[in-house]
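Structural description and commentary
If you want the building blocks of each chain, they are given just below.
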Amino acid sequence: MKLVDAKILNSHFFLDRTQVQFIAYLTMSIDHLGVLFFPQCDYLRGLGRIAFPLFAYFTVIGILRTRSVRGYLGRMVGLLILSEPAFDLAFYGEFFHADSQSVIPTLLVGACVLAIIENLRHFQTNSGIYVKFIHLTVNVGAVVFGIAIAVLIASDYAGIGVGLIVAMYWMRTPLSLTVVGLIFGLISMLYFGLLGLIGVMLGISVLLLYDVDRHPKRFLPKWLTWGFYPGHLLLLAGASALI
């Protein structure tokens, strides 16, 4: 599944999963370095806006392609348990900070909403108007509830992040994804200025070159894929304590 028609660009220009993961991890790390050690450097925060659209799309692909949605959500819960203390320690100097959460709860809530939508889609038995209305009502209710949860727990990107994940689930063509990214980027401008918009659109550009079916030359080990987030936060917390 490509987001861009292969006739438009030579296939060598398309990115595989490992390459997109590397970009996501790198730009996220740059953002966190900026927050902790170079708060006056807005460019680092702008580069950091590249990461979230990539992680949001990975969440969509994860739900759509996993062999076990329950297992995928279980792994995300485990990641949440490991990540929150590391996040609080890195940014607030304590193991528990109730006023602000990491991006992992946002991704988890978004994944749960998609799991509900996917489950209803697979169990749809007929296409009657009544059934369609029930499905629409449950889908909308799940999205609204998910956004409300993210806002209430004050997770990173909060309701806007959950909304982006759901929008990416429904709209994965190049044009619709670009429009979704533009809207998300304009919202990011409220917090990060023009650099926020530029960063988000650069992230969307990466997704437009992402070929989900392209076999990576090298796979990142699963322990690194799932452990990078809490691991890099612990390293940042240690570096911050030493400085």
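Keep in mind it's a predicted model, so treat the numbers as computed, not measured.

1. Focus: the overall build of the protein chain
- Within the protein chain, the regular secondary structure consists of 10 helices and 0 strands.
- Computed over its C-alpha atoms, the radius of gyration of the protein chain comes to 18 Å, within 12% of the 18 Å expected for a compact globule of 243 residues.
- On the principal axes, the C-alpha backbone points of the protein chain span a range of 65 × 45 × 35 Å.
- Residue burial in the protein chain is summarised as follows: out of 243 residues, 44% are buried.
- If you sum the accessible surface of the protein chain, you get close to 13,100 Å²; carbon and sulfur atoms cover 70% of it.
- Mean positive and mean negative side-chain charge positions of the protein chain (16 and 12 charges, respectively) differ by 14 Å.

2. Some details on the environment of Ile-81
- For Ile-81, the location among the structural elements is in helix H4 (residues 69-92).
- Judged by relative accessible area, which is 57%, Ile-81 ranks as exposed.
- The spatial distance from the C-alpha of Ile-81 to the C-alpha of Met-201 is 31 Å, given a sequence separation of 120 residues.

3. Focus on the nonpolar core
- Ranked by size, the top nonpolar core spans 57 residues in total, and within it Phe-52, Phe-55, Leu-107, Met-168 and Leu-207 carry the most contacts.
- Ranked by residues supplied to this core, first place goes to helix H3 (residues 51-65) with 10 residues.
- Excluding anything up to four places from it in sequence, Met-168 contacts Pro-53, Ala-56, Tyr-57, Val-60, Leu-177, Ile-204 and Leu-207.

4. Concerning a positive patch on the surface
- A cluster of like positive charges, contributed by Arg-17, Arg-67, Arg-75 and Lys-222, occupies part of the molecular surface.
- Take Arg-17: it is sitting in helix H1 (residues 17-37).

5. Examining the side chain of Glu-84
- Tracing the sequence through the fold places Glu-84 in helix H4.
- With residues up to four places along the chain from it excluded, the contact list for Glu-84 reads Gln-101, Ser-102 and Pro-105.

6. Some thoughts on the confidence of the model for the protein chain
- Across the protein chain, the average pLDDT comes to 89, with 93% of residues at or above 70.
- Confidence drops under a pLDDT of 50 for residues 4-11, and excluding neighbours within four residues, the segment shows 9 contacts in the predicted structure.

7. Some points on the side chain of Glu-118
- Relative to the helices and strands, Glu-118 resides in helix H5 (residues 104-122).
- You can call Glu-118 buried: its relative accessible area is 7%.
- Ignoring anything within four residues of it in the chain, the contact list for Glu-118 reads Ile-63, Leu-64 and Tyr-169.

8. Things to note about the pattern of salt bridges
- All told, the structure shown has 4 salt bridges when counted by the stated rule.
- Across the pair Arg-45 and Asp-31 runs a salt bridge whose closest N-O atoms are separated by 2.4 Å. Taken together, the residues span a long stretch of sequence, with Arg-45 in helix H2 (residues 42-48) and Asp-31 in helix H1 at a distance of 14 residues.
- Judged by its relative accessible area of 8%, Asp-31 is buried.
- Here Arg-121 ties to Glu-118 by a salt bridge, and the two come within 2.9 Å at their closest N and O atoms. Of this pair, Arg-121 and Glu-118 are both found in helix H5, 3 residues apart, which corresponds to roughly one turn of the helix.
- Salt bridges sharing common partners tie together Asp-31, Arg-45 and Arg-49.

9. Focus on the packing of helix H6 (residues 129-152) against helix H7 (residues 158-170)
- Remark: H6 packs on H7, axes separated minimally by 6 Å, with the N-to-C direction vectors making an angle of 150°. Of the possible angle classes, the one that applies to H6 and H7 is roughly antiparallel. Relative to H7, the crossing made by H6 is right-handed. Contacts between H6 and H7 involve Asn-139, Val-143, Gly-146, Ile-147, Ala-150 and Val-151 from the first element and Ala-158, Gly-159, Val-162, Gly-163, Val-166 and Trp-170 from the second.
- A class-by-class count of the residues in the contact of H6 with H7 yields 8 nonpolar, 4 polar and no charged.

What counts as what
Residues numbered from 1 in each chain as written. Predicted model: local features only at pLDDT ≥ 70, side-chain atom pairs only at ≥ 80, totals over all residues. Heavy atoms only, no water. Helix = DSSP H or I, 4+ residues; strand = E, 2+ residues; numbered from the N terminus. Rg over C-alpha atoms; globule rule 2.2 N^0.38 Å. Buried < 20%, exposed > 50% of the residue type's maximum accessible area, 1.4 Å probe, protein only. Areas by Shrake-Rupley, 256 points an atom, 1.4 Å probe, with all protein chains shown as cover. Lys, Arg positive; Asp, Glu negative; His and termini not counted. Charge placed at Lys NZ, Arg CZ, Asp CG, Glu CD. Core = buried A, V, L, I, M, F, W, Y, C linked by side-chain atoms within 4.5 Å. Contact = heavy atoms within 4.5 Å. Patch = residues over 30% accessible without salt bridge, like charges linked within 9 Å, V, L, I, M, F, W, Y side chains within 5 Å. Salt bridge = Lys/Arg side-chain N within 4 Å of Asp/Glu carboxyl O. pLDDT = per-residue confidence, 0-100. Axes fitted to C-alpha atoms, helices over the stretch in contact; angles between N-to-C directions. Parallel < 35°, antiparallel > 145°, perpendicular 65-115°, else oblique. Left-handed = near helix turned anticlockwise from the far one by under 90°. Nonpolar A, V, L, I, M, F, W, Y, C, P; charged D, E, K, R; others polar.

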